[in-house]
Amino acid sequence: MKKKNSIHLLFAAAALLLATAACTKDEPADSDLPSEEEQEEQEEQEEQYPLEIARITFRMMERGEAQSWGAPQMRVSENADGNNCMFETGDQFAVQIEGDTQTGIYTVQADGSAKAGTPLFWSDRDNHTVHAWYPATDGTLDLGDQQTDGLAYLLNGTGTGDYLTPVTLNFTHALAKVRITPTDEALGEVQSIQLYTCTRCTYEKGQAVQGSQEGWIEMKRCAYNGATCWEANVVPGYEITKLRTNGSEERDLSAAITPVAGKFYEITLNYDPGYVEVSEGNYTTGNKKGLINLARLANDGATDINITLTGDIDLSGIDWVPIGTDFDIAYTGTFDGGGHTITGLTVTGSYHYAGLFGCIGEGGTVKDLTLKDVQIESDYVYGNVGSVAGFSYYKDIIANCSVSGSVSGSSAGGLVGSQWGGFITGCNSSVTVKGESTVGGVAGTTNADSTMTACYATGDVILEGKTTDTHFVGGVVGFNGVSTLVACYATGNVSGSGSGNIYVGGVTGVHDSRTMTACYHAKGIVSGPGGTTGGVAGETTNAFDNPVITACYWGDNGQDQSVGENQAGITVEATKVADGNWEEAKNAMNTALGGTGWQYELTGALPTLKKQ
């Protein structure tokens, strides 16, 4: 308790001195001044008036700009509304009286009061500002994982008082708060949310000094007013432009936030389809979710949408539903891979048309895409299976695509199961292809005035006939009907076995009509029934016009004849390179390719293609 009688006496003495001073301009006599003993007694009496904290209040955080989407000090807790905080029993904060260098540490009591470990004392009877801060000591604040460690807090407070008046401290937040609330539609897909900002900051006397170590902050899951949300306290002044859901799905804010200390920023997280519609009918995506949703959009009838990839996508772990599962919903837009890679594409079941695309229709285009580690199979009796597409037809374009993995089906190709009337250019396949009817390293079937240019296959191609029908297998194309092959080659093993009539060729199982120019097979072994197996083609026929084979070659692939069965009776311009020296063959093929825009070069053991 304070000694109030002594206080009154001191006030009376002070009043007497003031009155005396007012009545005379003379300096007071030494006898009028307090003696040294009296001064010591007065100072001793003043020191019996410690700083007392009457109560602690918190200034509410101010709401900042709202945006819409297109070991921390964790003893401080949130109030029920989540917009403010409160001290808990045992929390400590530091206190300093203005003009004094001494710092006291006060501990919050169970009744909400604060008790000093070593109290501060008023040095005089004047009114002073009192400063307080939390945490009680200076240091570094870790903001990185507020889900596990709890929300991080940095507080500073002020109050005024004198030696007779207990001080009320009003604390404010030195950090800013960001809260993200998913809409009902988006909530089910969100398991965690992270913000990209400073993960650490240094602080002094309850003020953030400098943020550091930019990175992802794990936000704390919370619930207010029946709504699930995620929140984190962040360093002021650092511009926040993006967040990430579920540890990998990154999204940009529609407008950046530069937090201000003591402000509260609330963001509504709308459902994220994973893609962006940059203009009507034109979409971009760089993630699994976006590609899945765009495939659904196309299969729901928007078959002419244009899709551009903005990043690599991993489709591992899902069973892909092909885009355009039938002729009625064939894809007719442009799919631009942008030089990116889709990994782990898997298609299983009984699809008639199986691949990244089931059917690519008139005008449809797929370009600049890599498919890595595909696993595509269909047990449909007449299934068309390929990495890029099961079936492509009439003025479609597949260009600059590269595929690897495995493909199996009835009519199977490394790139396309069946190509009718379109264009395949500058593509390559290292896919292992297995099939039962028409099987090729690049395409199972090419027909209807289609054209394949500058494509090659390096994977093994395997046919196993299971019916009494006629079957075809080739290193590049299984059945090359009314089609043109230009500058295509294969280097993998090609084999045909099983039931029915089987034709096996290093380049194509059968060349039926049109032309085959500057194509070759080398390195791998070509094996099949005698009389229907050739180093370049298994068979020639002339269903529509006499086929032409010009400047084609085969290496030491186990075959001595260029064509197994020359039913068309044509003159075949195909030569075996028995000595492994491909220089002359390269020159002859390049002469035949003049004006096509492609040439072979010999930088290794075998010719490879380059675009002029």
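Caption draft 1: Up close: the side chain of Ser513. Along the chain, Ser513 turns up in strand S45 (residues 508-513). Exposure remark for Ser513: the relative accessible area of 0% places this residue in the buried category. For Ser513, the side chain forms a polar contact with the main-chain nitrogen of Phe544, separated by 3.4 Å. There is a polar contact of 3.5 Å between the side chain of Ser513 and the backbone oxygen of Asp545. In contact with Ser513, not counting residues within four places along its chain, are Asn480, Gly481, Val482, Ser483, Thr541, Ala543, Phe544, Asp545 and Pro547.

Caption draft 2: Structural context of the packing of aromatic side chains. Inspection of every chain in the model, using the stated rule, returns 26 aromatic pairs. Judged by centre distance (4.8 Å) and plane angle (45 degrees), the rings of Tyr520 and Trp582 are tilted. Pair noted here: Tyr520 is in strand S47 (residues 520-521) and Trp582 is in the loop between strand S54 (574-576) and helix H6 (583-592), with a separation of 62 residues, a long-range link. Assessed through its relative accessible area of 0%, Tyr520 is described here as buried. Connected via pairs of aromatic rings, a cluster forms that spans Phe58, Phe87, Phe93, Tyr106, Tyr134 and Phe171. Seen from the ring of Tyr196, Lys242 lies directly overhead, with NZ or CZ sitting 4.6 Å from the centre.

Caption draft 3: Region of interest: the pattern of salt bridges. The final tally for this structure, using the stated rule, is 12 salt bridges. Its salt-bridge partner being Glu231, residue Arg179 comes within 2.9 Å of it at the nearest N-O pair. Placement of the pair is Arg179 in strand S13 (residues 176-182) and Glu231 in strand S17 (residues 227-234), with a sequence separation of 52 residues. The burial state of Arg179 is the same as that of Glu231; both residues are buried. Residues Glu601 and Lys610 are paired through a salt bridge, measuring 4.0 Å at the closest nitrogen-oxygen approach.

Caption draft 4: Structural detail: the confidence of the model for the protein chain. With 88% of its residues at a pLDDT of at least 70, the protein chain reaches an overall mean of 89. Note that residues 1-29 has pLDDT below 50 and, in this model, 17 contacts with residues that lie over four places away or in other chains.

Caption draft 5: Molecular detail of the environment of Asp469. Examined against the element boundaries, Asp469 turns out to sit in the loop between strand S39 (461-465) and strand S40 (470-474). Judged by its relative accessible area of 49%, Asp469 falls in the partly exposed class. Linking Asp469 and Gly500, residues 31 residues apart in sequence, is a C-alpha distance of 5.0 Å. Each residue touching Asp469, except ones within four places of it in the same chain, is listed here: Gly500 and Asn501.

Caption draft 6: Helix H5 (residues 288-299), seen in detail. Over its 12 residues, H5 extends 17 Å from the first C-alpha to the last, a length consistent with the 16 Å expected when each residue adds 1.5 Å. Those residues of H5 lying buried are Lys289, Gly290, Leu291, Asn293, Leu294, Ala295, Ala298 and Asn299. Against the buried residues of H5 lie strand S19 (249-257), strand S21 (275-279), strand S22 (282-285), strand S23 (306-309), strand S24 (313-314) and strand S25 (334-343). Here H5 starts with a cap whose side-chain oxygen sits 3.2 Å from the backbone nitrogen of Lys289, and that cap is Asn287. In the segment just after H5, Gly301 is the residue with positive phi, at about 125 degrees.

Caption draft 7: Local environment of the environment of Ile549. Summarising the element assignment, Ile549 is placed in strand S51 (residues 548-550). Residue class for Ile549 comes out buried when judged on its relative accessible area of 1%. Taking the C-alpha atoms as reference points, Ile549 and Ala574, separated by 25 residues in sequence, lie 7.1 Å from one another. Not counting residues up to four positions away in its chain, the partners in contact with Ile549 are His511, Met516, Thr540, Val563, Ile570, Thr571, Val572 and Glu573.

Caption draft 8: Broad picture of the environment of Thr160. In this fold, Thr160 is placed in strand S11 (residues 155-161). Separated by 31 residues in the primary sequence, Thr160 and Thr129 have C-alpha atoms spaced 4.4 Å apart. If near-sequence neighbours (up to four positions away) are discounted, Thr160 is found in contact with Asn127, His128, Thr129 and Val167.

Caption draft 9: Representation of the pairing of S11 within the structure. Burial within S11 is extensive, with five of its seven residues counted as buried. With seven bridges connecting them, strand S9 (residues 128-134) and S11 associate as antiparallel partners. Bridge pairing links Tyr134 to Leu155 in S11. What sits between the antiparallel neighbours S11 and strand S12 (residues 167-173) is a turn of five residues.

Caption draft 10: The arrangement of a nonpolar patch on the surface in detail. On the surface, Tyr380, Val381 and Tyr382 cluster together into a nonpolar patch covering about 330 Å² of accessible area. By secondary structure assignment, the location of Tyr380 is in the loop between strand S29 (365-377) and strand S30 (384-386). Note on Tyr380: relative accessible area 32%, which makes it partly exposed.

Caption draft 11: Summary view of the pairing of S21. Here S21 pairs with S22 via four bridges, running antiparallel. Bridge assignment links Ser279 to a residue of S22, and that residue is Asn282. Adjacent in sequence and paired antiparallel, S21 and S22 are bridged by two residues, among which Gly281 carries a positive phi angle near 80 degrees.

What counts, and where the lines are drawn
Residues numbered from 1 in each chain as written. Predicted model: local features only at pLDDT ≥ 70, side-chain atom pairs only at ≥ 80, totals over all residues. Heavy atoms only, no water. Helix = DSSP H or I, 4+ residues; strand = E, 2+ residues; numbered from the N terminus. Buried < 20%, exposed > 50% of the residue type's maximum accessible area, 1.4 Å probe, protein only. Polar contact = N/O pair within 3.5 Å; in protein donor to acceptor, adjacent residues only side chain to side chain. Contact = heavy atoms within 4.5 Å. Phe/Tyr/Trp six-rings, centres within 6.5 Å; stacked < 30°, edge-to-face > 60°. Lys NZ or Arg CZ within 6 Å of the ring centre and 35° of its normal. Salt bridge = Lys/Arg side-chain N within 4 Å of Asp/Glu carboxyl O. pLDDT = per-residue confidence, 0-100. Expected span 1.5 Å × (residues − 1). Pairing = 2+ DSSP bridges. Patch = residues over 30% accessible without salt bridge, like charges linked within 9 Å, V, L, I, M, F, W, Y side chains within 5 Å. Areas by Shrake-Rupley, 256 points an atom, 1.4 Å probe, with all protein chains shown as cover.

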